[in-house]
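Notes for the structure review
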Amino acid sequence: MYLIRDKTVFIILTLILCLPAHGKIGDTGATDVIETFNSALIESMKGADELGYSGRYKLLEPVMKDSFALSFMLKTAVGRQWKKLEDEQKKRLFNIYSDWSIGNYADRFDHYSGERFEVSSEEAASQGAVTVTSHLIKTSGEKIDFNYKLRSVKDRWLIVDIHISGVSQLALTRSQFQSVIKTDGVDGLINKLKDKLEGFSSDKKE
Amino acid sequence: MRHAILNTMYKCLSIMMISVSLFLLPFSAGAEEVQTEKTVSGDIPENVLENNSGDEEYFGEDLYLEDDIDFKDLEAYESIPDPLEPLNRIFYTFNDTFYFILFKPVARGYNAVVHKEIRKSVKNAFDNAAMPVRFVNSVIQGKVKSAGVELVRFLVNSTLGLAGLFDVSEKELSLQTDEADLGQTLGIYGLGNGFYIIWPFLGPSSLRDTIGLVGDGFLYPINYIPDREVVFGLTACEYLNENSLRIGQYEDLKSGAIDPYSALKEAYHQKRRDMIEK
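Residues numbered from 1 in each chain as written. Chains lettered and ligands numbered in written order. Predicted model: local features only at pLDDT ≥ 70, side-chain atom pairs only at ≥ 80, totals over all residues. Heavy atoms only, no water.

The subject of this paragraph is unusual backbone geometry. Phi is mostly negative for residues that are not glycine, and the peptide bonds are mostly trans. All names here are of chain B. One non-glycine residue with positive phi stands out, namely L162, at about 55°. Counting through the fold element by element, L162 comes out in the loop between α5 (144-159) and α6 (168-173). Although it is not a glycine, F201 adopts a positive phi angle of roughly 70°. (Helix = DSSP H or I, 4+ residues; strand = E, 2+ residues; numbered from the N terminus.)

Below, the structure is given as structure tokens:
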């Protein structure tokens, strides 16, 4: 009798342990990626004046290159045109896109007023992706949603999109890239990204 | 004569305020959930990130030869149709100029004179008055809980909150309001965007949301005040106040954009889609 009960308990425990733990924070490692990135953003904000734009860029660059699937995001933004590009164009576009992406964060996270990030959940999404829900919490208590989409590559989780207050940042980029490529071509897009990047570094109060 | 001038001034001011408010609509916070299925599909090829170490050329050239994206999946990112783009771009430029030349300086002056807490209270009162819009749309959408919350919030805030000036429901009862409007309701019932429209003064919209905006007007109690001057005055006050709390959001979007027109269009589209799908 005891043996049967012990076996039952064992089977139940085994089943529980084998169940996918949806919603449990940190069970895949994706949350670690987000917490590292969020910490870098806060660090950039806290030291904003001291670091200046270039300092914030240098601080965020390694973290972003380790956390974001930049080439995948670029291809998604460029869309079907990607296949038609020359290798040299792809390379130039990738380099300026990486700089622009990092520059954008260095430019926008340029002051600190007591904000903090909080990760509230990690959930499995379709096709092996993971959604990590986090909030930027201001001192007033106002919460801004920062929801990340990540995919696994060789046992590493990488960010493929961020939804800020429900708005996909990758969709914003894609819409702009498609429009510029349509009117000015890929070289026009590269030039616009360069101009914007130069604007980031020259506008800042360093 | 004085009456006519006053009436005209109210009308102009209210149109201006409405336009700027709608212009900034997509940047307002509040969406709580994400579209979990709409990101990208297909795993990232392994070689893409092998050398992701921070060097200037950390991606090998072989990366660019990879055929790794199923381009059919990009349909999830398709934007709102924009057949009126040439005209819309003209109106975008007009609205942008209007915002920086006229509205922003006025709003800054207002901010300097009226304390933020007072502006928040004014916003609370107008939000409270707009309860029928959210209540009716919540009911039509089948969101019974949201409709109930709206009713309780209205009763509590109208009494204990002194005509809605103080959001006692949220502070004391943790009852938060959900955005609900007719454009959203029509979207939930399967009506598509139609196409993108930028109205002069009124800002970004779609065919569906324009119809919704007109319909919601019939549910807004302030519109039923017999004295039109009072209606225009209150409308102007509401939109000046509302947008005085959002100064800087449009600038943020514009500062990182290489094509602000497309960025605004997509932000609007994404925000509305998120409201419909959540």
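There is more to say after this.
With that out of the way, let us pick up the layout of surface pockets. As a volume, the second largest pocket reaches approximately 430 Å³. Forming the boundary of the second largest pocket are 18 residues, of which S175(A), Q178(A), S179(A), K182(A) and K265(B) lie nearest the centre. Among the elements of the structure, α6 (169-203) of chain A together with α11 (260-277) of chain B are those that each provide at least two residues to the lining of the second largest pocket. For the lining of the second largest pocket, the element with the highest residue contribution is α6(A), accounting for seven residues. When the residues that make up the lining of the second largest pocket are grouped by side-chain class, the tally is four nonpolar, seven polar and seven charged. (1 Å grid on protein atoms, 1.4 Å probe; cavity = no way out; pocket = protein on both sides within 12 Å on 5 of 7 lines; lining within 4 Å. Points joined across faces, edges and corners; volume = space filled by probe spheres on them. Nonpolar A, V, L, I, M, F, W, Y, C, P; charged D, E, K, R; others polar.)

Residues and elements named next belong to chain A. One pass over the full model with this rule turns up 20 salt bridges over all chains. Of the charged contacts in the structure, one is a salt bridge between R116 and E118, with a shortest N-O distance of 3.2 Å. Overall, R116 belongs to the partly exposed group, its relative accessible area being 43%. What makes E118 partly exposed here is its relative accessible area of 31%. (Salt bridge = Lys/Arg side-chain N within 4 Å of Asp/Glu carboxyl O. Buried < 20%, exposed > 50% of the residue type's maximum accessible area, 1.4 Å probe, protein only.)

Residues and elements named next belong to chain B. Looking at helix α4 (residues 131-140), one finds that the buried residues are M131, V133, R134, N137 and S138. Seen from one end, α4 has its buried residues packed into an arc of 165°, which puts them on one side. Lining the buried residues of α4 we find α3 (116-129), α5, α7 (182-188) and α8 (207-217). Immediately downstream of α4, the backbone of G142 shows phi near 80°, a positive value. (Arc of directions from axis to C-beta. Contact = heavy atoms within 4.5 Å.)

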